[in-house]
Amino acid sequence: MPADRPGRYIYIRDDSKDEFWSATWQPVLKPLAEKKGQGSRVRGQGYECRHGMSYTTIKSEYDNIVAETTYFVPLKENLEVWLFSIKNNSKKKRSLAIFTYVEFCLWHAIMDMTDFQYTLNISKAVNEKDAVYHLTGYFPNVGRNDFAYFASSEKIKGFDCDRETFIGPYNSEANPLAVSRGKSFNSINSGGNPIASLCNRITLKPAEGKQFVFILGTSDDKKEADKFIGKYKDIKNAENEFAALREYWTKYFENYAAKTPDENVNLMVNTWNQYQCRTTFNWSRSASYYESGIGRGMGFRDSNQDTLGVVHAIPDKVKARIKELLANQFENGSSHHQFFPLTKKGEKGGYSDDPLWLILSVSGYIKETGNVDFLRETAPFTDSPHEEEVFEHLKRAIDYVAGSLGPHGLPLIGFADWNDCLNLMGKNKAAESVWVGQFLVWAAREVVKLSKTLSKNDDAKRYTKLASDMKDRINSLAWDGDWYIRAFDDDGNPVGSSKNNEGKIDLLTQAWAVISGISDDKRSVRCMDMVKRHLASRHGVMLITPPYTTYDPKIGAVGTFAPGLKENGGIFCHANPWAMIAEAILGRGAQAFDYYRKIAPAFRNEIADIHQTEPYVYSQYIAGSAHPAFGRGRNSWLTGSAAWNLVAITQYLLGVRADYEGLVVDPCVPAHWKNFKIRRVFRDAIYDIEVKNPKRVSKGVKDLVVDGKRIDGNIVPPFKDKRTHKVEAKMG
Ligand code: IFM
């Protein structure tokens, strides 16, 4: 049974009472002292857990002993610090033993699962001074000699390196034998399951406290490991590293900060949403609580989208990531679906939308930085070392998608498009995606703008025509009467149409009709009204309705999910921002904001018992109305929801977005908002923007004053002068 057990614990033992508990409540589950108003759902679970930027602090109290541990990874070191403090709040002297415990993995995730007879016979962990070294890292076929280590800042009184010995034959992590008997076994590990447990003993007078630093690191150089062990003997070094981490995040957030009338919005855009964006950028979909790190690497479409959430803060890292992504494109313009972060090896293909996401990330990077020269830099292909200019890569992406059309002249859907589970292709190889057609129009128009910047007029003409033809085709073939259909199946029948019994309407083709600009005003309003009527719910906008009730091989994996879950009628938080953006383009600020607040985690804190996932990061989806757990979030953290929600709120609702010519100020907010402020770093200058809304409108900037001078239009030019510029925008 999978359980919330991270395999890293601190046990505290009162030797005079032969009693022990854990500083983090789990895994011993001893009833801890509750604080007034703490509101724990389980009696005795009175600990406080605070998550901040790159750290977690857990505080607890048992029998007047207060323990607090802050966990973090220093900025430039391959190790985790546990800054542990313990205080005696009782009136008596107390003799305590601190047992730490770390369970190691065996270095090679696949062999750990498929050939553990091997790994369990090569494991090795030993004690040296105040540390345990886990030396299993040698795999001849991997050719690396990494090891892990765990160390205490204080002299230890005992250790264990072997799990079975420490835990005992019939015990568990809740009552390890070494802890319950009050003494380490001093076991080493030579084959079997390696762990590191260190025992420190202290005596605390009343009101006396003590601090420890425990470090858990990995290295391939013993000297380096020992250097860090020495460094963290001094608590000050841990405190300094923690301060440096805080400083890092303070600086990071200085790139964008908003002050709006809504505290939940401020909380999301200024810290948590940006923080989640940075996490998804780092990890893509490769390893998390939900992803084991083996099956999924850096998603090609995912990583391209993830750049949107961080490009304002770390443009150079974004550029480097785009280069990696470009190198996963084939010479024919198609691309791998994912690649692995360590080996950089790509795999899988056949997703019809993948190639086009490159245009999103490259154009986003250029809009932010103004670095048009990037288009002239070169990158290789995944199937050829031959290098071509970035611009050429983008053209090939478009040409590939535009050259893979089906019977209606729409893009073939391939294995799937953005919706991984809409697998329509059958023996005719004829299924087509209307949404990829819309996305192609958006991408081609972006490439037209880039062509013009490079004075490539023939390209500009060619892609203008391509976009216009595709737009006309979609409008003549895919308008269902009230909304756009989603696709044509392998036999040419519509999917996402009023004619279907299930999956009658799909959010994607409505929102993207507006975003790509293919729909006229009438159709835009109509299809988004239909989104509200059929897909909007009190917990957010569902992806499709009604969900599929059975698996139909002609429709694909979407029908394997219970109705209301994931792509089968779930509230996909990744796709909801597209509804927000579409509503903002239509100028309907109240509706756009309503969609925003329905899924933004901070607003869902009030219903945390229903939502269940963390109230500070987006989940991939929230269960839709067809599911008994309607409103329950799932798969938090590594999801495109992070970047797209940040784009929707900052660029389309608060409305300040980077464009090729400068910073566009184009807010669309609830009409009752009086004013709000944004401070943003953009191309080597700082912009202090104040938006005033005296007429209480939702959209439209009437006056734009930059450094006291009125300017035409709503684009603030890039000053690139490292100075602060005051921008006043009056809506009306
Ligand atoms: O578009 C995908 C994404 O790449 C991974 N998560 C699910 C989304 C929708 O299928």
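These numbers come from a predicted model, not from an experiment.

## Focus on the packing of aromatic side chains
Right, so step 1: Overall, the coordinates contain 49 aromatic pairs when judged by the stated rule.
Right, so step 2: Consider the rings of Tyr 101 and Phe 166, whose centres lie 5.2 Å apart with planes at 25°: the pair is stacked. Of this pair, Tyr 101 sits in strand β7 (residues 94-103) while Phe 166 is found in helix α3 (residues 163-167), placing the two residues 65 residues apart along the sequence.
Right, so step 3: For the pair Phe 150 and Phe 214, a centre-to-centre distance of 6.1 Å together with 15° between the ring planes defines the contact as stacked. A residue pair is termed long-range when its members are at least 10 positions apart, and Phe 150 in strand β12 (residues 147-152) and Phe 214 in strand β16 (residues 209-219) qualify at 64 residues. Both residues of the pair, Phe 150 and Phe 214, belong to the buried class.

## Focus: the pattern of salt bridges
Right, so step 1: Counted under the stated rule, the structure contains 56 salt bridges.
Right, so step 2: As a salt-bridge pair, Glu 154 and Lys 210 come within 3.4 Å of each other at their nearest N and O atoms. Of this pair, Glu 154 sits in the loop between β12 and β13 (158-162) while Lys 210 sits in strand β16; the two residues are 56 residues apart in sequence, bridging distant segments of the chain.
Right, so step 3: Judged by relative accessible area, which is 27%, Lys 210 ranks as partly exposed.
Right, so step 4: Among the salt bridges present, the one from Asp 302 reaches Arg 296, with a minimum N-O distance of 3.6 Å.
Right, so step 5: Judged by relative accessible area, which is 36%, Arg 296 ranks as partly exposed.

## Quick word on the nonpolar core
Right, so step 1: If you look at the biggest cluster of nonpolar residues, it comprises 140 residues, and the most contacted ones within it are Ile 398, Trp 578 and Tyr 596.
Right, so step 2: At 12 residues, the largest contribution of residues to this core is made by helix α12 (residues 434-453).
Right, so step 3: Residue contacts for Trp 578: discarding those within four places in its chain leaves Gln 305, Trp 357, Trp 418, Leu 508, Ala 511, Trp 512, Ile 515 and Trp 644.
Right, so step 4: One finds Phe 104, Phe 150, Phe 159 and Leu 204 within the second-largest nonpolar core, a separate group that totals 32 residues.

## Remarks on helix α7 (residues 263-283)
Spacing of three or four residues puts side chains on the same side of an α-helix, whose turn is 3.6 residues.
Right, so step 1: Taking 1.5 Å of rise per residue, 21 residues should cover 30 Å, and α7 covers 29 Å from first to last C-alpha, within 8% of that figure.
Right, so step 2: A large share of α7 lies buried, amounting to 15 of its 21 residues.
Right, so step 3: With a side-chain oxygen lying 2.9 Å from the backbone nitrogen of Asn 264, the N-terminal cap of α7 falls on Asp 262.

## Observations concerning a positive patch on the surface
Right, so step 1: A cluster of like positive charges, contributed by Lys 259, Lys 677, Lys 692, Lys 695, Lys 702, Lys 726 and Lys 730, occupies part of the molecular surface.
Right, so step 2: With respect to the helices and strands, the residue Lys 695 is situated in the loop between β36 (685-692) and β37 (701-706).

## Regarding the site of the ligand
Right, so step 1: Around the ligand, the surrounding shell consists of Arg 296, Arg 301, Asp 302, Trp 418, Asn 419, Asp 420, Glu 567, Phe 572 and Gln 620.
Right, so step 2: The separation between an oxygen atom of the ligand and a polar main-chain atom of Trp 418 is 2.6 Å.
Right, so step 3: Between the ligand and Glu 567, the relevant distance is 2.4 Å, taken from an oxygen atom to a side-chain nitrogen or oxygen of the residue.
Right, so step 4: Protein chains shield 94% of the accessible area of the ligand, which is 280 Å² for the free molecule.

## A short note on the pairing of strand β6 (residues 79-88)
Right, so step 1: The buried fraction of β6 is high, at 8 of 10 residues.
Right, so step 2: Taken together, the 8 bridges between strand β5 (residues 65-72) and β6 define a ladder with antiparallel strand orientation. In the sheet register, Ile 65 faces β6, and the bridge partner there is Asn 88.
Right, so step 3: Between β5 and β6, which pair antiparallel in sequence order, lie 6 residues.
Right, so step 4: The pairing of β6 with β16 spans 9 bridges and is antiparallel. Bridging from a neighbouring strand, Ser 85 pairs with Gln 211 of β16.

## Looking at the environment of Tyr 687
Right, so step 1: Turning to its location among the elements, Tyr 687 is positioned in strand β36.
Right, so step 2: Distance in space between the C-alpha atoms of Tyr 687 and Asn 714 is 14 Å, their sequence separation being 27 residues.
Right, so step 3: Setting aside chain neighbours within four positions, we find Tyr 687 in contact with Leu 663, Ile 678, Arg 679, Arg 680, Phe 682, Val 716, Pro 717, Pro 718, Phe 719, His 725 and Val 727.
Right, so step 4: A distance of 3.2 Å separates a polar atom in the side chain of Tyr 687 from the backbone oxygen of Pro 717.

## Quick look at the sheet that holds strand β24 (residues 487-488)
Right, so step 1: What the 3 strands build is an open sheet, ordered β23-β24-β25; its pairing is antiparallel. Looking at strand neighbours, the two that pair on one side only are β23 (432-433) and β25 (494-495), the edges of this open sheet.
Right, so step 2: Inspection of the sheet shows β24 paired to β25 by 2 bridges, in the antiparallel sense. Within the sheet, the bridge partner assigned to Phe 488 lies in β25 and is Pro 494.

## Considerations on the sheet that holds strand β33 (residues 656-659)
Right, so step 1: Within the open sheet, the 3 strands sit side by side as β33-β34-β39. Their pairing is antiparallel. Each edge of the open sheet is held by one strand with a lone partner, namely β33 and β39 (715-716).
Right, so step 2: Note: strand β34 (residues 662-665) against β39, 2 bridges, orientation antiparallel. Bridge pairing in β39 links Leu 663 to Val 716.

## Focus: unusual backbone geometry
Right, so step 1: Here the residue pair Gln 26 and Pro 27 is connected by a cis peptide bond, since its omega of 5° sits within 30 degrees of zero.
Right, so step 2: Tracing the backbone through its elements, the reader meets Pro 27 in the loop between β2 (19-22) and β3 (48-52).
Right, so step 3: The residue Ser 54 is not glycine, and still its phi comes out positive at about 65°.
Right, so step 4: Secondary-structure assignment places Ser 54 in the loop between β3 and β4 (55-62).

## A closer look at the packing of helix α10 (residues 357-369) against helix α11 (residues 390-402)
The relative placement of two packed helices is expressed as an angle between their axes plus a distance between the axes.
Right, so step 1: One way to put it is that α10 packs onto α11 with a least axis distance of 9 Å and a crossing angle of 145°. The interaxial crossing formed by α10 with α11 has left-handed handedness. In contact with Leu 358, Ile 359 and Val 362 of α10, α11 contributes Val 390, Leu 394, Ala 397 and Ile 398.
Right, so step 2: Among the residues making up the contact of α10 with α11, the classes are represented as 7 nonpolar, no polar and no charged.

## Quick word on helix α16 (residues 576-585)
Right, so step 1: Within α16, 9 of the 10 residues are buried, which leaves it mostly tucked inside the rest of the structure.
Right, so step 2: Here α16 has its buried residues at Asn 576, Pro 577, Trp 578, Ala 579, Met 580, Ile 581, Ala 582, Glu 583 and Ala 584.
Right, so step 3: Count one or two residues on from α16 and you reach Gly 587, which has phi positive near 85°.

## Overview of the pairing of β4
Right, so step 1: Of all 8 residues that make up β4, 6 are buried, and the element is covered over most of its length.
Right, so step 2: Judged from the 5 bridges that link them, β3 and β4 form a sheet pairing that is antiparallel. Bridge pairing links His 51 to Thr 56 in β4.
Right, so step 3: Counting the residues that bridge the hairpin from β3 to β4 gives 2 residues, and of these Ser 54 lies at a positive phi of roughly 65°.
Right, so step 4: One ladder, built from 8 bridges, connects β4 with β5; its direction is antiparallel. When the bridges of β5 are listed, Tyr 62 appears paired with Ile 65.
Right, so step 5: Here β4 hands over to β5 after 2 residues, with Asp 63 in that stretch at a positive phi of 50°.

Basis of the calculations
- Residues numbered from 1 in each chain as written.
- Predicted model: local features only at pLDDT ≥ 70, side-chain atom pairs only at ≥ 80, totals over all residues.
- Heavy atoms only, no water.
- Phe/Tyr/Trp six-rings, centres within 6.5 Å; stacked < 30°, edge-to-face > 60°.
- Helix = DSSP H or I, 4+ residues; strand = E, 2+ residues; numbered from the N terminus.
- Buried < 20%, exposed > 50% of the residue type's maximum accessible area, 1.4 Å probe, protein only.
- Salt bridge = Lys/Arg side-chain N within 4 Å of Asp/Glu carboxyl O.
- Core = buried A, V, L, I, M, F, W, Y, C linked by side-chain atoms within 4.5 Å.
- Contact = heavy atoms within 4.5 Å.
- Expected span 1.5 Å × (residues − 1).
- Polar contact = N/O pair within 3.5 Å; in protein donor to acceptor, adjacent residues only side chain to side chain.
- Patch = residues over 30% accessible without salt bridge, like charges linked within 9 Å, V, L, I, M, F, W, Y side chains within 5 Å.
- Areas by Shrake-Rupley, 256 points an atom, 1.4 Å probe, with all protein chains shown as cover.
- Lys, Arg positive; Asp, Glu negative; His and termini not counted.
- Charge placed at Lys NZ, Arg CZ, Asp CG, Glu CD.
- Near = heavy atom within 4 Å.
- Pairing = 2+ DSSP bridges.
- Axes fitted to C-alpha atoms, helices over the stretch in contact; angles between N-to-C directions.
- Left-handed = near helix turned anticlockwise from the far one by under 90°.
- Nonpolar A, V, L, I, M, F, W, Y, C, P; charged D, E, K, R; others polar.

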